[in-house]
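Observations on the model geometry
Now for the letters of each chain:
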Amino acid sequence: ELHGGIDTTEKPKKNRRGDVRREAWSEPGGGDHSAPPERHFRGDQRSSGPGRSDRREGGNRLEASSSAQTGTTVNISEILRQCLYNPPLSLEQLAMKLKISLVGENPQISRAVFCQRISQIAPETDKRTLAHIWESVAESCAGKKTAPSIGINDLHKYFCNKYGKDKSSKSHSVVDRAIAKIIERSGGGFKGLQRTLSIMDDNGDKRLNKEELKNGLSDYGINLNHREIDDIFLVFDRDHNGFIDVDEFLIGIRGDLNDRRKKLVRMAFDILDTDGSGLITVDELSAVYDVSWNPAVQAGKMTEAEAMKEFMRQWDRLDGDGMVSIEEFEDYYKGVSSSIDDDDYFELMIRNAWRIPGGEGMAANTANKRVLVTNKDGSQSIATVHNELGMKPGDRDAVRSRLAQQGIDAANVELHGGIDTTEKPKKTRQDSSNQQNIAPKHIRHRAAEKLGAAFRGHKGRKEVSKVRSNVEAAMRREQDREEEIRKEKARHIYRPKGKSYIGF
């Protein structure tokens with residue numbers, strides 16, 4: 001059947017009213033053509049039809065629709081759940097499935113787009129069923145079946161009430177939603193996050209207050225109340241001063257260190273924690289860091305002990321007990337890590353800063369000292385000094401002891417590629433052989449005169465060129481000044497003869 005039960009789409013020919021009515025009442029198998037169908041009689045039988053009984057029963061009439069041609073029952077609720085909400089989805093996942101942007105307070109989805117998306121997911125759904133689905137959803141979300149569009153937030157709320165919420169997703173947290181939206185708009189990179197912070201920063205003080213954060217998230221389609229803004233500030237505002245600065249913003253967005261970066265930070269901590277107690281003391285840090293080179297110490301403005309305490313204060317920020325724990329050490333590098341996008345560059349920075357050998361490719365260490373080692377059998381090789389922290393420059397014995405700890409028994413160690421110093425060689429008197437190659441005095445005098453004449457000529461030409469350039473520049477400035485004066489003169493205004501409409 002090509003056209004739903006009839007094989008033509010042409011309109012029936014007009015007959016007399018009685019003939020049309022009789023043809024409509026007639027049945028294929030014959031019968032009494034003079035009696036109309038039972039559904040046209042008045043009386044008590046008006047309420048006996050299937051349509052009247054459905055209207056009298058009420059309820060959700062569109063949960064199931066009967067197909068006139070196939071005789072099968074289609075469960076609209078099951079189609080909705082299978083197409084759009086199986087398994088339960090978050091608001092962002094539902095919008096992604098419907099290909100709808102969440103920018104705005106309550107983004108709308110039209111009837112055509114909604115039906116088209118369902119037909120793409122379930123191609124076997126016919127147009128009649130799609131119409132019933134839209135009427136059911138529109139009545140529940142917008143209050144009327146004929147609504148041209150519905151809000152995506154209303155649709156998600158309807159699905160949550162009918163089929164249950166997405167319990168496996170953590171995106172219902174207002175903090176997670178705000179972070180996800182900021183990452184989506186900025187791309188998650190350091191420059192993109194800085195640009196996002198500058199856009200939200202209305203007064204340009206490089207930090208956000210609650211009103212600026214609320215307005216910025218509202219522009220991204222996330223409308224929050226005061227309690228939700230306070231929840232976000234509890235996460236972002238680490239020093240609890242009522243503002244979110246650049247470092248706090250980056251740490252809040254980037255979150256914790258990943259496994260690779262955390263492993264590198266722990267390697268650096270283990271180098272400083274020589275006794276393995278889990279805490280870095282002042283004595284352990286003094287063994288590998290020389291504060292005597294501090295400019296304030298050399299100027300006499302502070303002692304070495306004061307300089308060491310100030311140096312430790314950048315890590316000892318949580319409890320201020322004079323010792324650095326692994327949590328404080330990692331918390332410091334969270335701020336450093338938030339401004340570095342590439343993991344390889346972060347590894348290179350950690351390895352070079354704390355003299356950790358190893359690494360591959362771009363992350364390979366480039367700061368540890370390399371020395372030329374002569375073995376006892378006469379062979380030579382390049383060796384990298386591993387435990388270099390605390391070693392003074394040029395200390396050959398310290399290099400030998402560290403190489404011995406690495407299992408290298410060297411007969412000789414050359415620190416500077418064959419020479420043991422980087423100082424320039426001292427000047428000595430010329431040999432007598434060089435004295436014999438000096439030209440006679442009159443020849444040298446003539447060469448000096450020629451060189452002086454050439455130098456004076458070069459200098460004169462340079463002076464002439466400079467004077468000529470200054471004269472040309474002065475002439476150009478004078479021409480420009482005259483041109484400006486000419487333009488500033490008032491132009492003559494020619495008025496027509498006679499009186500104008502204002503009396504002149």
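Refer to the preceding data block for the structure.
Residues numbered from 1 in each chain as written. Predicted model: local features only at pLDDT ≥ 70, side-chain atom pairs only at ≥ 80, totals over all residues. Heavy atoms only, no water.

1. Description of the overall build of the chain
Secondary structure summary: the chain contains 21 helices and 11 strands in total. Every one of the 504 residues in the chain was classed for burial, and the buried ones make up 29%. Here the contacts in the chain between residues at least 6 apart in sequence split such that 48% fall between residues at least 24 apart. Total accessible area computed for the chain in this model is approximately 35000 Å², and 50% of it derives from carbon and sulfur atoms. (Helix = DSSP H or I, 4+ residues; strand = E, 2+ residues; numbered from the N terminus. Buried < 20%, exposed > 50% of the residue type's maximum accessible area, 1.4 Å probe, protein only. Contact = heavy atoms within 4.5 Å. Areas by Shrake-Rupley, 256 points an atom, 1.4 Å probe, with all protein chains shown as cover.)

2. Regarding the environment of Asp-331
By secondary structure assignment, the location of Asp-331 is in helix 17 (residues 326–338). Take Asp-331: its relative accessible area is 13%, and that puts it in the buried class. Between the C-alpha atoms of Asp-331 and Leu-318, which are 13 residues apart in sequence, the distance is 8.9 Å. With residues near it in sequence (within four places) discarded, Asp-331 still touches Arg-238, Arg-317 and Leu-318.

3. Observations concerning the pairing of strand 9 (residues 370–375)
With 5 bridges joining them, strand 9 and strand 10 (residues 380–384) adopt antiparallel strand pairing. Paired with Val-373 across the bridge in strand 10 is Ser-381. The antiparallel pairing of strand 9 with strand 10 creates a hairpin that spans 4 residues between the two strands, and Gly-378 there sits at a positive phi of about 95 degrees. Across 4 bridges, the pairing between strand 9 and strand 11 (residues 410–414) is antiparallel. Pairing of Leu-372 across the sheet is with Glu-414, part of strand 11. (Pairing = 2+ DSSP bridges.)

4. Digging into the packing of aromatic side chains
For the coordinates displayed, the defined rule picks out 11 aromatic pairs. Taken together, Phe-269, Tyr-289, Phe-311, Trp-315, Phe-329, Tyr-332, Tyr-333 and Trp-354 form an aromatic cluster joined through their ring pairs. Looking at Arg-207, its charged tip hangs above the ring of Phe-243, at a distance of 3.7 Å from the centre. Over the aromatic face of Phe-346 sits the side chain of Arg-261, whose NZ or CZ is 4.9 Å from the ring centroid. (Phe/Tyr/Trp six-rings, centres within 6.5 Å; stacked < 30°, edge-to-face > 60°. Lys NZ or Arg CZ within 6 Å of the ring centre and 35° of its normal.)

5. Regarding the packing of helix 3 (residues 76–84) against helix 6 (residues 127–141)
Where helix 3 contacts helix 6, the axes come no closer than 10 Å and their chain directions differ by 85 degrees. Judged by the angle between their axes, helix 3 and helix 6 are roughly perpendicular. Contacts between helix 3 and helix 6 involve Ile-76, Ile-79 and Leu-80 on the former and, on the latter, Thr-129, His-132, Ile-133 and Val-137. Residue classes in the contact of helix 3 with helix 6 are distributed as 5 nonpolar, 2 polar and no charged. (Axes fitted to C-alpha atoms, helices over the stretch in contact; angles between N-to-C directions. Parallel < 35°, antiparallel > 145°, perpendicular 65-115°, else oblique. Nonpolar A, V, L, I, M, F, W, Y, C, P; charged D, E, K, R; others polar.)

6. Re the environment of Ala-268
Within the secondary structure layout, Ala-268 lies in helix 13 (residues 259–272). Residue Ala-268 is classed as buried on the basis of its relative accessible area of 0%. In contact with Ala-268, other than residues within four places in its own chain, are Phe-329, Ile-350, Trp-354 and Ile-356.

7. Some thoughts on the nonpolar core
Core analysis: the biggest nonpolar cluster contains 30 residues, and Leu-80, Leu-84, Phe-114, Val-137, Leu-155 and Phe-159 have the highest contact counts within it. Sorting the residues of this core by element identifies helix 3, helix 4 (91–98), helix 5 (111–121), helix 6 and helix 7 (152–163) as the ones contributing at least two each. In this view, Val-137 contacts Leu-80, Phe-114, Ala-142, Ile-150, Leu-155 and Tyr-158; residues no more than four positions away in its chain are not counted. In terms of nonpolar packing, the next biggest core, distinct from the first, is built from 25 residues, Val-297, Ala-307, Tyr-333 and Phe-346 among them. (Core = buried A, V, L, I, M, F, W, Y, C linked by side-chain atoms within 4.5 Å.)

8. What to know about the sheet that holds strand 11
What the 3 strands build is an open sheet, ordered 10-9-11; its pairing is antiparallel. Each of the sheet's edge strands pairs with one partner strand only, and the pair in question is strand 10 and strand 11. With strand direction ignored, the average angle separating the axes of adjacent strands in the sheet is 35 degrees. In this fold helix 19 (residues 396–405) packs onto strand 9, strand 10 and strand 11, with an angle of close to 130 degrees to the strand it touches most, strand 11.

9. Observations concerning the pattern of salt bridges
Across all of its chains, the model carries 11 salt bridges by this definition. Between Glu-478 and Arg-481 there is a salt bridge, with the nearest N and O atoms lying 2.6 Å from each other. Note that Glu-478 and Arg-481 are positioned in helix 21 (residues 441–488) at a spacing of 3 residues, about one turn of the helix. Judged by relative accessible area, Glu-478 falls into the partly exposed class, the value being 38%. We classify Arg-481 as partly exposed; its relative accessible area is 42%. The partner of Glu-483 in a salt bridge is Arg-486, and the shortest N-O contact between them spans 2.3 Å. Of this pair, Glu-483 and Arg-486 both sit in helix 21, 3 residues apart, which is roughly one turn of that helix. In this structure Glu-483 comes out as partly exposed when scored by relative accessible area, which is 34%. (Salt bridge = Lys/Arg side-chain N within 4 Å of Asp/Glu carboxyl O.)

10. Overview of a nonpolar patch on the surface
A cluster of nonpolar residues, Val-467, Val-471 and Met-475, forms a patch on the protein surface that exposes about 280 Å² of accessible area. Relative to the helices and strands, Met-475 resides in helix 21. (Patch = residues over 30% accessible without salt bridge, like charges linked within 9 Å, V, L, I, M, F, W, Y side chains within 5 Å.)

11. Focus on the side chain of Ser-325
Within the fold, Ser-325 resides in strand 8 (residues 324–325). Residue classification places Ser-325 among the buried positions, given a relative accessible area of 13%. Apart from residues no more than four positions distant in its own chain, Ser-325 is found in contact with Phe-269, Gly-278 and Leu-279.

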